[in-house]
Amino acid sequence: ASVDYNHGSNPGSKCCNCFVFTILRKEALGQVTIRGRLITALFSRFQMIRRYTLDDIPQMLDRIEEFLKSSPTYKDIDFHRNKMEMHLRMSAPLKKFFCNVIEVEGQIIGGLCAETYEYTFSREVYGADLLFYITESKRSLRLATALVDSYVAWGKDRRLREVRLA
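Model, not experiment: these values are computed from the prediction.

Caption draft 1: Geometry of the pattern of salt bridges. In this structure the tally under the stated criterion is 12 salt bridges. Of the charged contacts, one joins Lys96 and Glu115 as a salt bridge, the two residues approaching to 3.5 Å between their closest N and O atoms. Placement of the pair is Lys96 in the loop between α2 (81-91) and β8 (97-104) and Glu115 in strand β9 (residues 107-118), with a sequence separation of 19 residues. A relative accessible area of 39% means that Lys96 is categorised as partly exposed. In this structure, Arg123 engages Glu118 in a salt bridge whose closest nitrogen and oxygen atoms are separated by 3.2 Å. Among the residues examined, Arg123 registers a relative accessible area of 70% and is labelled exposed.

Caption draft 2: View of the state of the cysteines. Summed over the entire model, instances satisfying the criterion amount to one disulfide. A sulfur-sulfur separation of 2.4 Å characterises the disulfide bridge that pairs Cys99 with Cys113. Of this pair, Cys99 sits in strand β8 while Cys113 is found in strand β9, placing the two residues 14 residues apart along the sequence.

Caption draft 3: Spotlight on helix α3 (residues 141-157). Given a rise of 1.5 Å per residue, 17 residues ought to cover 24 Å, and the 24 Å separating the end C-alpha atoms of α3 matches this to within 8%. Among all positions of α3, only Leu143, Ala144, Ala146, Leu147, Val148, Ser150, Tyr151, Trp154 and Gly155 are buried.

Caption draft 4: Structural view of the packing of helix α1 (residues 57-70) against α2. It is the contact of α1 with α2, at a shortest axis distance of 10 Å, that shows an interaxial angle of 130 degrees. The orientation of α1 with respect to α2, classified from their angle, is oblique. Along this stretch, α1 crosses α2, giving a crossing that reads as right-handed. Only Arg81, Met84, Glu85, Leu88 and Arg89 of α2 make contact with α1, whose side of the interface consists of Ile57, Pro58, Met60, Leu61, Asp62, Ile64 and Glu65. Here the residues of the contact of α1 with α2 sort into seven nonpolar, no polar and five charged.

Cut-off values and rules
- Residues numbered from 1 in each chain as written.
- Predicted model: local features only at pLDDT ≥ 70, side-chain atom pairs only at ≥ 80, totals over all residues.
- Heavy atoms only, no water.
- Salt bridge = Lys/Arg side-chain N within 4 Å of Asp/Glu carboxyl O.
- Helix = DSSP H or I, 4+ residues; strand = E, 2+ residues; numbered from the N terminus.
- Buried < 20%, exposed > 50% of the residue type's maximum accessible area, 1.4 Å probe, protein only.
- Disulfide = S-S within 2.5 Å.
- Expected span 1.5 Å × (residues − 1).
- Axes fitted to C-alpha atoms, helices over the stretch in contact; angles between N-to-C directions.
- Parallel < 35°, antiparallel > 145°, perpendicular 65-115°, else oblique.
- Left-handed = near helix turned anticlockwise from the far one by under 90°.
- Contact = heavy atoms within 4.5 Å.
- Nonpolar A, V, L, I, M, F, W, Y, C, P; charged D, E, K, R; others polar.

This is the structure:
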């Protein structure tokens, strides 16, 4: 897997809004426009992991709802789609919010969202996940590991003390 950052006209600078992480073995350097920004990144033919955009939210909500309904732990908890949508929309510009999605041929099939928090006894900061989901028919150790790796890289980039998965 490879990571490449590009922010606007300043190649090589790090920015959470244009983090792209690719996961397949066959990769090629290319460019994509996401929310009006031209991003240089390594792409596989079929799958990539990248930061979500506001345009991804409807598909994300569908995948999250499917995940919750199929989960023995969460299936009996009411899913408030509007609440989740508002959280994703309000959190998009926040540097403390992490949310990468897996895109396969234009479709969102999974994602991992997290936020940063201060320890109650210190000023040091850590990351904790909020959601980690992959469409059941597409689940694999490789996809899950790639999502977690992108989360760990985000945490290291922000010098977090640790990143946690529940």
